[in-house]
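# Structure assessment
Okay, here's what each chain looks like letter by letter:
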Amino acid sequence: MAQTTPVHPVDEVPPVRQLAAFGLQHVLAMYAGAVAVPLIVGGAMKLSPADLAYLITADLLVCGIATLIQCIGFWRFGVRLPIMQGCTFAAVSPMVLIGTTGGGLPAIYGSVIVAGLAIMLLAPVFGKLLRFFPPLVTGTVILIIGISLLPVAGNWVAGGVGSADFGAPKNIALALFVLVVVLGVQRFAPAFLSRIAVLIGIGVGLAAAVPFGFTDFEGVGDAEWVGISTPFHFGAPTFEFSAIVSMLVVALVTMTETTGDLIAVGEMTDRRIEPRSLSDGLRADGLSTVLGGVFNTFPYTAYAQNVGLVGMTRVRSRWVVATAGGILVLLGLLPKLGAVVAAVPAPVLGGAGLVMFGTVAASGLRTLTQVDFKGNNNLTVVAVSVAMGVLPVGVPTIYEKFPDWFQTVMNSGISAGCLTAIVLNLLFNHLPAKAGSAAPEPDGLAGGGTEEGVEKSREEVV
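Residues numbered from 1 in each chain as written. Predicted model: local features only at pLDDT ≥ 70, side-chain atom pairs only at ≥ 80, totals over all residues. Heavy atoms only, no water.

## Let's talk about the overall build of the protein
The helix and strand inventory of the protein stands at 19 helices and two strands. Across the 462 residues in the protein, those meeting the buried criterion constitute 55%. Total accessible area on the protein is roughly 19700 Å²; 68% of this is exposed by carbon and sulfur atoms. (Helix = DSSP H or I, 4+ residues; strand = E, 2+ residues; numbered from the N terminus. Buried < 20%, exposed > 50% of the residue type's maximum accessible area, 1.4 Å probe, protein only. Areas by Shrake-Rupley, 256 points an atom, 1.4 Å probe, with all protein chains shown as cover.)

So, in structure tokens, the structure goes:
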């Protein structure tokens, strides 16, 4: 009898009911982050409530389209892994500056379109750099991604940045209740239910939040049933040199972040990223960013929030995340549905976020277990890279006296830590050791030499 080739877990198509549940779970995990960027940019530009609502629905629509491109893919666009796409926070400061200094939204969209085209052109170049991302670098970057996301979960736990009752005990109690529900379901529930532990935790938390006055459903009644985003709703794009330069720097930062996220998901799903697949994923980022500039929204990147969800639930099917992309498209076309999802209180998301984002950091530690730390400087590489990555997270104003382009790169803990890890790995493990250098200590804090698994030993080369 002929044997059928086993399907890789990434390509498996779960039953419809599981697709819907798992997909909705991914949407809830990233929704708050997805709508935050248009809210921040639109608020800084003092847009009317109607224009703000338009920005949000346009953002959700393109988030969904970008996710479908990344998960399903066509030709050389899309990494074909379970990757959620959303607006990058790295672009917030430059876009606010562009929008409030006379350029307005048309100047933002012109620079976004150019940045998207640049990402598509540079994607093959980044693909060739994959050899500089051994487990030492990828594990460090994944660890930094998780640590960088934890303050986001912390703000949600406290009630959300800017809330009147930020840090109130009731907010923290609700978040801890959701956390306990998620952990309880994951530990004691049947296999299927344990995989949607985050969704169940959010649902139970929302049900508990209603009688205590945490929720506000007024926005649901005010929202329209149908909303269609049309190209260049706010006017034809303008192309200003300074705005384009700022957004090109953002493009390099988002490409670095996306590379880390793609490698992380590749590790979690047992489908390692290759140079070609990395290029395809980055090329999809560029196309989505161009679509963002056309359809009145912003640059797009892989969302690390959902990387943690993949690791936590162990659901590796890309069709689950593609279903989440379809849900986002619906939310973008049906603003009333989007308003329902937006009514989920921040502490409820915070309780679930603590598990998801902690899972990302733990996945980085798991990758680092593949690295040899004896007789080399690998521990120094991890230590300094994590320190540089956490620095802007712990002290957000540390670089405020520096030029804008420098802040754009270094204010992102992910890009700062990633660049540091790459440079230090090249310094300690790729450059030849100086003659007569002292032998390294067993703890890996001194000396030179190459990382095991990064380069072949000298004996193998000979």
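## Thoughts on the nonpolar core
Within soluble globular proteins, side chains that are nonpolar tend to cluster in buried spots. Ranked by internal contacts, the top residues of the largest apolar core, which has 112 residues, are I108 and F298. With sequence-adjacent residues up to four places away left out, I108 is seen in contact with V41, M45, M95, I98, G99 and F298. (Core = buried A, V, L, I, M, F, W, Y, C linked by side-chain atoms within 4.5 Å. Contact = heavy atoms within 4.5 Å.)

## A short note on helix α10 (residues 241-269)
Look at α10: 41 Å from first C-alpha to last across 29 residues, which is about the 42 Å you get at 1.5 Å a residue. With 23 of 29 residues buried, α10 lies mostly within the body of the structure. A positive phi of about 60 degrees marks D270, the residue just after α10. (Expected span 1.5 Å × (residues − 1).)

## Concerning helix α8 (residues 197-209)
In a regular helix each residue adds 1.5 Å, so 13 residues correspond to 18 Å; α8 covers 18 Å between its end C-alpha atoms and thus fits that length. For α8, the full list of buried residues reads A197, V198, L199, G201, I202, G205 and A209.

## A look at the packing of aromatic side chains
What describes a pair of aromatic rings is the distance from one ring centre to the other and the angle between the planes of the rings. For the coordinates displayed, the defined rule picks out seven aromatic pairs. Here F74 and F77 contribute two aromatic rings whose centre-to-centre distance is 5.1 Å and whose plane-to-plane angle is 20 degrees, an arrangement assigned as stacked. When its relative accessible area of 41% is taken as the criterion, F74 is described as partly exposed. Taking 5.7 Å as the distance between ring centres and 85 degrees as the angle between the ring planes, the aromatic pair formed by Y399 and F402 counts as edge-to-face. (Phe/Tyr/Trp six-rings, centres within 6.5 Å; stacked < 30°, edge-to-face > 60°.)

## Examining a nonpolar patch on the surface
A cluster of nonpolar side chains, contributed by L122, V125 and L252, occupies part of the molecular surface with about 230 Å² of accessible area. Take L122: its relative accessible area is 34%, and that puts it in the partly exposed class. (Patch = residues over 30% accessible without salt bridge, like charges linked within 9 Å, V, L, I, M, F, W, Y side chains within 5 Å. Salt bridge = Lys/Arg side-chain N within 4 Å of Asp/Glu carboxyl O.)

## Concerning unusual backbone geometry
You will see that F232, though not glycine, has its phi angle at about 55 degrees, which is positive. By the secondary structure assignment, F232 is in the loop between α9 (218-222) and α10. A positive phi is found at D270, a non-glycine position, where the angle reads about 60 degrees. For D270, a relative accessible area of 56% puts it in the exposed group.

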